[in-house]
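# A structural walkthrough
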Amino acid sequence: MTVLRQMLEKYDTTTTEGALNGLREVMQEVALAGLYRGGFFDRAAFYGGTCLRIFYGLPRFSEDLDFSLLVQDAEFSLEPYFKAVRDEFSALGLNVEISAKKKSVSTCIESAFLKSDTRQFSFAVQAEKTVKIKFEVDILPPSGFATEEKLLLQPFSFYVKCYSLPDLFAGKMHALLYRNWKSRVKGRDWFDFERYVRKGSFMNLSHFIVRAKQSGHLKAEIHTVEEFRNLLEGRIEALDVAEAVKDVSRFVKDSDALKIWSKDYFHELARRMQITG
C-alpha cells in the first residue's frame with residue numbers, strides 16, 4: 001500500500017467525502033497506468049474534464065475517464081484492455097471489478113465501469129462504499145484534432161496521449177453549447193469554460209465546427225469568430241446561473257469562487273475568450 005499512501009498524501013482524507021474524492025482520483029491515475037501498459041494510447045487519446053484536471057490543474061473533482069480513438073473504428077472494444085488495468089491494480093494489492101456496459105442501442109460511445117469497495121482502503125476511508133469510475137471511448141470521433149504526450153509520475157512514470165489544449169477547449173465548448181441534459185444545467189461545463197478563459201487558453205474553432213457538424217447541432221454555417229461568439233452569447237442568455245452553481249458546487253473545494261457567476265460575468269468571459277483556427 002506504500003505507493004497508494006503516497007498518491008493519497010496530496011488529498012484531505014480527514015473527511016469521508018474528501019477521502020472518497022481522493023480515492024477516485026488515485027484510481028483514475030492507476031487505471032491510466034494500466035491502459036498505458038496495455039498499449040491503449042497507441043490507438044486513443046485522453047480528453048475531457050478529468051484530463052484537464054490531471055494534466056492542466058483544473059481545480060474541481062471529476063468522475064469519468066473520456067477517450068477518443070485516433071482513427072474511427074466502429075468495431076472497437078475496450079475489453080482487450082481490461083486485463084492490463086486489473087493487473088495494474090493487482091500490483092498495488094487491490095482487486096477491482098471492470099466490465100463493459102451493455103448497450104441497448106447502437107451508439108458511437110464504448111463504455112465500461114471500474115469498481116472497488118473502500119474496505120481495501122481502510123487506512124483512508126472508515127466506511128464501506130463503492131468507488132465507481134466510468135470509461136467512455138468515442139469510437140467514431142470527429143477529425144481535425146492534435147495530440148500531445150503528457151507525463152504522469154505515479155504510480156510510475158509514463159506518458160499519456162492527450163488532446164492538445166485548443167482541441168480540449170473546442171470539445172468543452174461543444175458540450176457547453178449542445179449537451180442534452182433535459183432540464184438540468186451542467187455547471188461543470190461553465191466552470192471549465194471559466195478556467196480556460198482565465199488561463200488564456202485558445203480554442204480551435206475549426207475542430208469545434210467539425211464536432212458540431214458531426215453531431216448534427218450546427219444548423220447554420222459558422223465561418224467567423226464573431227459568428228461563434230454570437231452563438232455563445234445566445235447560450236449565456238438562456239443559462240439558469242443558479243442551477244449551474246448548484247450543479248458544480250459539490251465538485252469544487254472553494255464554492256465562494258462561484259459567487260461572481262452571473263450572465264454579465266459569462267458575457268465578459270465570452271468577449272475575452274481567445275479563438276484560433
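Residues numbered from 1 in each chain as written. Predicted model: local features only at pLDDT ≥ 70, side-chain atom pairs only at ≥ 80, totals over all residues. Heavy atoms only, no water.

This brings us to helix H10 (residues 263–272). Where H10 is concerned, the buried positions are Tyr265, Phe266, His267, Leu269 and Ala270. Buried residues in H10 make contact with helix H6 (187–198) and helix H8 (225–237). (Buried < 20%, exposed > 50% of the residue type's maximum accessible area, 1.4 Å probe, protein only. Helix = DSSP H or I, 4+ residues; strand = E, 2+ residues; numbered from the N terminus. Contact = heavy atoms within 4.5 Å.)

Another aspect to go through is the packing of helix H5 (residues 165–178) against H6. Across the interface, H5 lies against H6 with an axial gap of 10 Å and an inter-helix angle of 145 degrees. Seen along the crossing, H5 lies across H6 with a hand that is left-handed. Contact residues: H5 offers Leu165, Leu168, Phe169, Lys172, Met173, Ala175 and Leu176, while H6 offers Asp189, Trp190, Asp192, Phe193, Tyr196 and Val197. A breakdown of the residues in the contact of H5 with H6 according to their chemical character gives 10 nonpolar, no polar and three charged. (Axes fitted to C-alpha atoms, helices over the stretch in contact; angles between N-to-C directions. Left-handed = near helix turned anticlockwise from the far one by under 90°. Nonpolar A, V, L, I, M, F, W, Y, C, P; charged D, E, K, R; others polar.)

Relative to the elements of secondary structure, Arg24 occurs in helix H2 (residues 16–37). Although Arg24 is buried, it forms no salt bridge, and the closest oppositely charged side chain is Glu63 at an N-O distance of 5.2 Å. (Lys, Arg positive; Asp, Glu negative; His and termini not counted. Salt bridge = Lys/Arg side-chain N within 4 Å of Asp/Glu carboxyl O.)

Further remarks concern the layout of surface pockets. Put simply, the largest pocket is a space of about 1,200 Å³. Forming the boundary of the largest pocket are 42 residues, of which Tyr47, Asp66, Ile109, Glu136 and Arg179 lie nearest the centre. Secondary structure elements with two or more residues in the lining of the largest pocket: helix H3 (49–56), strand S2 (65–69), strand S4 (109–117), strand S5 (130–138), H5, H6 and helix H7 (205–215). Per-element accounting of the lining of the largest pocket gives the leading share, six residues, to H5. Space inside the second largest pocket adds up to approximately 240 Å³. What lines the second largest pocket is a set of 17 residues, among which Glu25, Arg53, Leu58, Pro59 and Arg60 lie closest to the centre. (1 Å grid on protein atoms, 1.4 Å probe; cavity = no way out; pocket = protein on both sides within 12 Å on 5 of 7 lines; lining within 4 Å. Points joined across faces, edges and corners; volume = space filled by probe spheres on them.)

Of all eight residues making up H3, eight are buried, and the element is well covered by its neighbours. One or two positions beyond H3, positive phi appears at Gly57, with a value near 75 degrees.

Now for the environment of Arg272. Position of Arg272 among the secondary structure elements: in helix H10. As a C-alpha pair, Arg272 and His174 span 98 residues in sequence and 18 Å in three-dimensional space. Side chain to side chain, Arg272 and Glu268 meet in a polar contact 2.8 Å long. (Polar contact = N/O pair within 3.5 Å; in protein donor to acceptor, adjacent residues only side chain to side chain.)

As for its placement among the helices and strands, Ser68 is situated in strand S2. A distance of 3.1 Å separates the side chain of Ser68 from the side chain of Tyr163, its partner in a polar contact. Once you skip the residues sitting within four places of it in the chain, Ser68 turns out to touch Arg43, Ala44, Ala45, Tyr47, Asp138, Pro141, Phe145 and Tyr163.

So, about the nonpolar core. Among the nonpolar cores identified, the biggest contains 89 residues, and Phe46, Phe193, Phe208 and Phe228 are the most heavily contacted of them. Broken down by element, this core gets its largest block of residues, nine residues, from H2. If we skip the residues at most four places from it in the chain, Phe208 touches Ala170, Met173, His174, Leu177, Tyr178, Met203, Ile222, Phe228 and Leu231. (Core = buried A, V, L, I, M, F, W, Y, C linked by side-chain atoms within 4.5 Å.)

The next thing to look at is the packing of H2 against H3. Running from N to C, H2 and H3 cross one another at 90 degrees; their axes reach a closest spacing of 12 Å. Judged by the inter-axis angle, H2 sits roughly perpendicular to H3. Contact with H2, carried on its side by Glu25, Gln28, Glu29 and Leu32, involves Thr50, Arg53 and Ile54 of H3 and no other residues of that element. Broken down by class, the residue content of the contact of H2 with H3 amounts to two nonpolar, two polar and three charged. (Parallel < 35°, antiparallel > 145°, perpendicular 65-115°, else oblique.)

A separate point is the pattern of salt bridges. For the coordinates displayed, the defined rule picks out 17 salt bridges. We note a salt bridge from Glu63 to Arg188, for which the minimum N-O separation is 3.9 Å. Here Arg188 lies in helix H6 and Glu63 lies in the loop between H3 and S2, a separation of 125 residues in the sequence. Residue class for Glu63 comes out partly exposed when judged on its relative accessible area of 32%. Asp189 is the partner of Lys172 in a salt bridge, and the nearest nitrogen-oxygen pair spans 2.8 Å. With Lys172 in helix H5 and Asp189 in helix H6, the pair connects residues that are 17 residues apart, well separated along the chain. Ionic contacts of the salt-bridge type, sharing partners, join the residues Arg60, Lys172, Arg179, Asp189 and Asp192 into one network.

The next subject is the packing of aromatic side chains. A complete count under the given rule lists 21 aromatic pairs for this structure. For the ring pair Phe156 and Phe158, a centre distance of 5.0 Å and an interplane angle of 45 degrees mean the geometry is tilted. Their ring planes at 50 degrees and their centres at 5.7 Å tell us that Tyr265 and Phe266 sit as a pair that is tilted. Like Phe266, Tyr265 is buried. Connected via pairs of aromatic rings, a cluster forms that spans Phe40, Phe41, Phe46, Phe55, Phe67, Phe76 and Tyr81. Over the ring of Phe156 we find Arg37, and its NZ or CZ is 4.0 Å from the ring centre. (Phe/Tyr/Trp six-rings, centres within 6.5 Å; stacked < 30°, edge-to-face > 60°. Lys NZ or Arg CZ within 6 Å of the ring centre and 35° of its normal.)

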